[in-house]
Amino acid sequence: MSSVIAATRFSVLDRSRTRAGHDGPQALRDTVALAREAERLGYHRFWVSEHHSVPGVAGSAPAVLAAAVASATATIRVGTGGVMLPNHQPLVVAEQFGVLEALFPGRIDMGLGRSVGFTDGIRKALGRGKEDADDFGGQLAELLGYFDGTQRAHPQVHARPAEGLFVPAFVLATGKGARVAAEAGLPLVIANVRGEDAMLRAIDDYRASFRPSARSEHPYVVLSGTVAVADTTEEARRILLPEAWSTAYSRTRGEFPPLSPAEDVLSRTMTDRERALFEEALRGQVYGTEEEVADALEKVIGHSGADEFLVTTSTYDRTALLGSYRRLARLAGLGAASGPEGHGRPLPRR
């Protein structure tokens, strides 16, 4: 194991993707089961996501699902990747995470994003518009103010039991959004969605613009991405095929279908556009044997100087998925050998 990988925390984000022949409730139970396995393997944190009215995704209420995950585990950190703050009133988010932290002290993370519902109908149902994402910085400041008692947007309003509690906050961002994390003095969660060069520029900008805060004295970067590990390169690539096809389908039809078996994806006749989108969805993913994945991770972590890697893999075959996470844990040196304080560098705290 390289020194770069040894110095890096590894965590899991699960989107509760539905699978062909399996309903949404099963997807949520699968998420809880995966969290138990992630804890056993020694991953540092386990996060869940927020999607509203998205076919193929069961995770619509991340605070509720995080509570279920925390109840089913004992030591792993639990949080959201993320709560989309423009969809909610900051007071309600503070109350939800205050309750979570009160019930599971020292284990809760608050990952926050700036997206709103992705269609006009969903935004209308949520009572939000595209413009609500424009004041993400203000919403973030109000939310954090409910925890430390400094919010002034609504005088004499207090978030109970959040006020006085400490819940680590992370900003999910790309490009300009990284500046919000820097100005707030918070850890940044970023993915390679616009190319590695763009991601690295955003990280550099984040570090250069970072303002130390009561929550974090130093920049902290979490890379988010798909990783698949198997006995052979081809087996690892097969793990990625269901999500790649679902992504290609969504870009031509506007919805994510349930994940299909890899063999069904391989037998499909795709249009030229679908094939191009499918291949595009596979580019930039980390997959292969343990040795190949270790080499790829060492490069991307080394180039970015990331403190943590958040693995976001989804697939139809749960056995293959669990096998991938086990192999990744082995090559990263996770588990009991990491010691009682967890793996990697210390998490920013006040």
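Residues numbered from 1 in each chain as written. Predicted model: local features only at pLDDT ≥ 70, side-chain atom pairs only at ≥ 80, totals over all residues. Heavy atoms only, no water.

Undergrad: For a negative patch on the surface, give the residues involved together with the corresponding values.
TA: Taken together, the side chains of E291, E292, D295 and E298 make up a negatively charged region of the molecular surface. Secondary-structure assignment places D295 in helix α12 (residues 290-304). Residue classification places D295 among the partly exposed residues on the basis of a relative accessible area of 39%. (Patch = residues over 30% accessible without salt bridge, like charges linked within 9 Å, V, L, I, M, F, W, Y side chains within 5 Å. Areas by Shrake-Rupley, 256 points an atom, 1.4 Å probe, with all protein chains shown as cover. Salt bridge = Lys/Arg side-chain N within 4 Å of Asp/Glu carboxyl O. Lys, Arg positive; Asp, Glu negative; His and termini not counted. Charge placed at Lys NZ, Arg CZ, Asp CG, Glu CD. Helix = DSSP H or I, 4+ residues; strand = E, 2+ residues; numbered from the N terminus. Buried < 20%, exposed > 50% of the residue type's maximum accessible area, 1.4 Å probe, protein only.)

Undergrad: For helix α9 (residues 233-253), give the residues involved together with the corresponding values.
TA: The α-helix advances 3.6 residues per turn, and as a result positions three or four apart in sequence lie on the same side. Between its first and last C-alpha, α9 extends 30 Å over 21 residues, near the 30 Å set by a 1.5 Å rise per residue. The largest bend along α9 measures about 35° and falls at L240, with the proline P242 one to four residues further on. Among the residues making up α9, those that are buried are A236, I239, L240, L241, P242, E243, A244, W245, S246, T247, A248 and S250. Buried-residue contacts for α9 involve β9 (227-229), α10 (262-266), α11 (272-282), β10 (286-288) and α13 (318-332). With its phi angle positive at about 80°, G254 sits one or two positions after the end of α9. (Expected span 1.5 Å × (residues − 1). Bend = angle between axes of the 7 residues up to and from the residue. Contact = heavy atoms within 4.5 Å.)

Undergrad: I'd love a proper account of the side chain of T8, names of residues and values included.
TA: Residue position: T8 is located in the loop between α1 (3-6) and β1 (9-14). From its side chain, T8 meets the backbone oxygen of V4 in a polar contact 2.7 Å long. (Polar contact = N/O pair within 3.5 Å; in protein donor to acceptor, adjacent residues only side chain to side chain.)

Undergrad: Mind laying out the sheet that holds β1, listing which residues take part and the relevant values?
TA: Read from one edge of the open sheet, 9 strands run β3-β2-β1-β11-β8-β7-β6-β5-β4, paired in parallel fashion. Edge positions in the sheet fall to β3 (77-80) and β4 (83-84), since each of these pairs with one other strand and no more. (Pairing = 2+ DSSP bridges.)

Undergrad: Describe empty space enclosed by the protein, naming the residues involved and giving the relevant values.
TA: For the structure shown, the criterion picks out 1 cavity of 30 Å³ or more. Size it by volume and the largest cavity reaches roughly 60 Å³. Surrounding the largest cavity, D14, S16, R17, A27, D30, T31, L259, T313, S314, T315 and R318 form its lining. Ranked by residue count, the leading element in the lining of the largest cavity is helix α2 (residues 24-41), at 3 residues. Taken together, the residues that form the lining of the largest cavity break down as 2 nonpolar, 5 polar and 4 charged. (1 Å grid on protein atoms, 1.4 Å probe; cavity = no way out; pocket = protein on both sides within 12 Å on 5 of 7 lines; lining within 4 Å. Points joined across faces, edges and corners; volume = space filled by probe spheres on them. Nonpolar A, V, L, I, M, F, W, Y, C, P; charged D, E, K, R; others polar.)

Undergrad: An account of the packing of aromatic side chains is requested, with residue identities and associated values reported.
TA: Each aromatic ring pair is specified by the distance between its two centres and by the angle formed by the two planes. Throughout the structure, instances matching the rule amount to 5 aromatic pairs. Residues Y206 and F210 carry aromatic rings whose centres are separated by 5.7 Å and whose planes lie at 75° to one another, so their mutual orientation is edge-to-face. The class of Y206 is buried, set by a relative accessible area of 0%. Of the residues examined, F210 reaches a relative accessible area of 11% and is grouped as buried. With a centroid separation of 5.9 Å and an interplanar angle of 70°, the aromatic rings of W245 and Y249 are classed as edge-to-face. Of the two residues, W245 and Y249 both sit in helix α9, 4 residues apart, roughly one turn of that helix. For the cation-ring pair, R19 lies above Y316, with the distance from its terminal atom to the ring centre recorded as 5.6 Å. (Phe/Tyr/Trp six-rings, centres within 6.5 Å; stacked < 30°, edge-to-face > 60°. Lys NZ or Arg CZ within 6 Å of the ring centre and 35° of its normal.)

Undergrad: Describe in detail helix α8 (residues 196-209), supporting the description with residues and values.
TA: Over its 14 residues, α8 extends 20 Å from the first C-alpha to the last, a length consistent with the 20 Å expected when each residue adds 1.5 Å. All of the buried residues along α8 are M199, L200, A202, I203, Y206 and S209. Here the buried face of α8 lies against α7 (177-184), β7 (188-191), β8 (221-225) and α12.

Undergrad: Before we move on, could you go through unusual backbone geometry and cite the residues and values that matter?
TA: With an omega of 0°, the peptide bond between G81 and G82 qualifies as cis. Considering the arrangement of structural elements, one finds G82 in the loop between β3 and β4. Between R160 and the following residue, P161, the backbone shows a cis peptide bond with an omega angle of 5°. By the element assignment, P161 lies in the loop between α6 (136-148) and β6 (169-172). Even without being a glycine, S16 presents a positive backbone phi close to 55°. Residue placement: S16 occurs in the loop between β1 and α2.

Undergrad: Please provide a residue-by-residue account of the pattern of salt bridges, values included.
TA: As enumerated under the stated definition, the model contains 16 salt bridges in all. A salt bridge links D120 to R123, with the shortest nitrogen-to-oxygen separation between them at 2.4 Å. Separated by 3 residues within a single helix, D120 and R123 lie in helix α5 (residues 120-126), roughly one turn from each other. Exposure remark for R123: the relative accessible area of 7% places this residue in the buried category. Across the pair R251 and E280 runs a salt bridge, and its minimum N-O distance is 3.2 Å.

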